[in-house]
Amino acid sequence: MAANKEAIQERIRAFQEMARQLVESLDPIKRVIVVLSGKGGVGKSFVSAALAVTLWFQGKRVAVFDADFHGPSIPWILGAEHGRIFADDSGRLIPFEMYEGLAVMSPELLLDEKESPIIWRGPMKTRAIIELLSKTRWGERDYMVVDLPPGTGDEPLTIAQYVAKVKNSGAILVLTPSSMVRHIVSKAKKFCEQLRIPLLGAIVNMAYFRCPKCGTVYRIFGEAKEVDIKVLAEIPLDPELSKALDESRLLEYLKESNEVSLAFRRIAEKIDAILKEH
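Residues numbered from 1 in each chain as written. Predicted model: local features only at pLDDT ≥ 70, side-chain atom pairs only at ≥ 80, totals over all residues. Heavy atoms only, no water.

*Asks:* Would you take a moment to explain the pairing of strand β7 (residues 141-147) for this structure?
*Replies:* The side chains of a regular strand alternate, first on one face of the sheet and then on the other. Where burial is concerned, most of β7 is hidden: 7 out of the 7 residues are buried. Sheet analysis places strand β1 (residues 29-36) next to β7, joined by 6 bridges and oriented parallel. Of the residues in β7, the one forming a bridge with Ile33 is Val145. Bridging between strand β2 (residues 62-66) and β7 involves 5 bridges; their strand directions are parallel. Bridge pairing links Ala63 to Met144 in β7. (Buried < 20%, exposed > 50% of the residue type's maximum accessible area, 1.4 Å probe, protein only. Helix = DSSP H or I, 4+ residues; strand = E, 2+ residues; numbered from the N terminus. Pairing = 2+ DSSP bridges.)

Structure representation (structure tokens):
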């Protein structure tokens, strides 16, 4: 009995030490944006990657943390799937620096075999997330963009609890037009309120398709009507974007002047302005 009590106390101390390291690790980061969604398949990872790249284009030092352990797609979207994570002499992990000022940390980059699935239960994933956040040497960053798993389970909860300690942090909700929008928004607002993270607004992805020949706008999936949240922007469907994502050419695509890249420039400017006021 005494041995069990000692073991539990030791685990608590280890967890507390990890939590302390996590707060210390995030200290050089000025602002954290968590990107969440009420369900999968809405393009959350694409939005996370595009936002990070756009902020970087605007001269910010950015790190992207891919926290979606079962579907870590950030490296593939950014064309960084062959990048590797190394450790320094003190054992701290070094995120993969794609370009100067744009870094990526993802469980995908820790795998020797990219086809191997991560088959872990909740507690293991939660611990792994805390370890990755706390044992990474992020360096001085203007922004960290966190791609959360969909929903409001263990992983989103764990990350949100700790990033909320960063003075200028906020959440963005990714939506697609559907009859469930009001329900998803309501859940997301309550999630952020309970964790005391400001909900900065929503991005409606796949909002419409504009005919390239005549310019007519088609709302293929309907409209996100009567949404009780600030909509930062609508992102259209674009076959060229789909092709760019398939070919890991998101950076090149966002350098161009198109509806999607212009929308993300406006989003980045709005977020920067909102967080400066906090």
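From this point, the narrative continues.
*Asks:* Before we go on, may I ask you to explain the nonpolar core in this structure?
*Replies:* Across soluble globular proteins, you tend to see nonpolar side chains buried next to one another. Counting 85 residues, the largest nonpolar core has Phe65, Ile159 and Ile271 as the members making the most contacts within it. Per-element tally for this core: the top contributor is helix α2 (residues 44-57), with 9 residues. (Core = buried A, V, L, I, M, F, W, Y, C linked by side-chain atoms within 4.5 Å.)

*Asks:* Hey, could you run me through the packing of aromatic side chains in this one?
*Replies:* Given two aromatic rings, their pairing is described by the distance between the two centres and the angle made by the two planes. Scanning all chains against the criterion turns up 4 aromatic pairs. Judged by centre distance (5.6 Å) and plane angle (85 degrees), the rings of Phe46 and Phe264 are edge-to-face. Residue Phe46 is located in helix α2, and its partner Phe264 is located in helix α9 (residues 259-277); the two are separated by 218 residues in the primary sequence. For the pair shown, Phe46 and Phe264 are each scored as buried. When the ring of Trp56 is compared with that of Phe57, the centres are 5.6 Å apart and the planes differ by 35 degrees; the resulting orientation is tilted. By relative accessible area, Trp56 is classed as buried at 18%. Phe57 gets classed as partly exposed once you look at its relative accessible area, which sits at 32%. Chaining the aromatic ring pairs together yields one cluster made of Trp56, Phe57 and Tyr99. (Phe/Tyr/Trp six-rings, centres within 6.5 Å; stacked < 30°, edge-to-face > 60°.)

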